Amino acid sequence: MSTQISEIEQEQLIEKLEIFKIHGRDKRGRKILRIIGKFFPARFLSLNVLKNYLEEKIFPRLGRKPFSILYVHTGVQRSENFPGISALRAIYDAIPVNVRDNLQEVYFLHPGLQSRLFLATCGRFLFSGGLYGKLRYISRVDYLWEHVRRNEIEMPEFVYDHDDDLEYRPMMDYGQESDHARVYAGASVDSSVSSFSMRCLS
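Keep in mind the model is a prediction, meaning the values are calculated, not measured.

1. Focus on a negative patch on the surface
On the surface, a cluster of negative charge is made up of E7, E11, E55 and E56. Relative to the helices and strands, E56 resides in helix α2 (residues 47-62). In this structure E56 comes out as exposed when scored by relative accessible area, which is 56%.

2. Description of the side chain of E105
With respect to the helices, strands and loops of the structure, E105 is situated in strand β4 (residues 103-109). Within the structure, the side chain of E105 is placed 3.0 Å from the side chain of R136, a separation counted as a polar contact. Setting aside chain neighbours within four positions, we find E105 in contact with R30, F67, S68, I69, K134 and R136.

3. Brief notes about the side chain of R30
In this fold, R30 is placed in the loop between β1 (20-25) and β2 (31-36). A distance of 2.7 Å separates polar atoms of two side chains, one belonging to R30 and the other to D26. Within the structure, the side chain of R30 is placed 3.5 Å from the side chain of S68, a separation counted as a polar contact. Non-local contacts of R30, meaning those with residues more than four positions away in its chain, are made with G24, R25, P66, F67, S68, Q104, E105 and Y107.

4. Quick word on the nonpolar core
Grouped together as the largest cluster of nonpolar side chains are 48 residues, with contacts concentrated most on F20, I58, L70 and M155. Ignoring sequence-local partners within four residues, the contact set of L70 consists of I32, L33, R34, I35, Y107, L109, L144, I153 and M155.

5. Some details on the confidence of the model for the protein chain
For the protein chain, per-residue confidence averages 77 on the pLDDT scale, and 74% of positions sit at 70 or higher. Of the regions scoring below 50 in pLDDT, residues 174-202 engages in 47 contacts with residues more than four places distant in sequence or in other chains.

6. Describing the packing of aromatic side chains
Within this structure, the stated rule accounts for four aromatic pairs. With centroids separated by 5.8 Å and ring planes inclined at 70°, the aromatic side chains of F39 and F158 adopt a geometry described as edge-to-face. Of this pair, F39 sits in the loop between β2 and α2 while F158 sits in helix α8 (residues 157-168), and the two are 119 residues apart along the sequence. The same class applies to F39 as to F158, namely buried. Each ring, one from Y71 and one from F108, has its centre 5.1 Å from the other, and the planes form 75°; the classification is edge-to-face. One end of the pair, Y71, is in strand β3 (residues 67-72); the other, F108, is in strand β4, with 37 residues separating them in the sequence.

How each quantity is defined
Residues numbered from 1 in each chain as written. Predicted model: local features only at pLDDT ≥ 70, side-chain atom pairs only at ≥ 80, totals over all residues. Heavy atoms only, no water. Patch = residues over 30% accessible without salt bridge, like charges linked within 9 Å, V, L, I, M, F, W, Y side chains within 5 Å. Areas by Shrake-Rupley, 256 points an atom, 1.4 Å probe, with all protein chains shown as cover. Salt bridge = Lys/Arg side-chain N within 4 Å of Asp/Glu carboxyl O. Lys, Arg positive; Asp, Glu negative; His and termini not counted. Charge placed at Lys NZ, Arg CZ, Asp CG, Glu CD. Helix = DSSP H or I, 4+ residues; strand = E, 2+ residues; numbered from the N terminus. Buried < 20%, exposed > 50% of the residue type's maximum accessible area, 1.4 Å probe, protein only. Polar contact = N/O pair within 3.5 Å; in protein donor to acceptor, adjacent residues only side chain to side chain. Contact = heavy atoms within 4.5 Å. Core = buried A, V, L, I, M, F, W, Y, C linked by side-chain atoms within 4.5 Å. pLDDT = per-residue confidence, 0-100. Phe/Tyr/Trp six-rings, centres within 6.5 Å; stacked < 30°, edge-to-face > 60°.

Shown next, in the form of structure tokens:
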């Protein structure tokens, strides 16, 4: 990650994009920290700003009770919004021990083949404290509702669009067909925060 804008602007960007949001609960009543990977502006954020933001704005709000993470991997591209392995390890190491101990589950929505392979081979060595054992891969949004309270979680529209793609191109689920060549029509390319859909039918 490299800094190209001021620290204040970086903090404002994190807030505006709602990359991290304590939002909803899982089926066991635990708070959920929702992380939208596609919104992560890796090229503009410094590691220190990110760590400070989490320490000041997110960790205190999780309190001292068990919680879960919902990480939405949909649309993450290595060159655009992936912070890098060393940065992920540094962020994980910066999480206070009491917060880390309260993390019960990590729901990993729309994992790609590369991320599955990487975590399968390196996850146990990179992340201490049993985090690897808390990972739950969720290939479709419909399967997420088995773990998370559906009427409490708001998702960006592009997440549902990706699920629609998987219905028609099931080989994408197994990494045997790339989604990089997908052609979007007009305004659907815009991934701004305003393009959210509740789709919260019970």
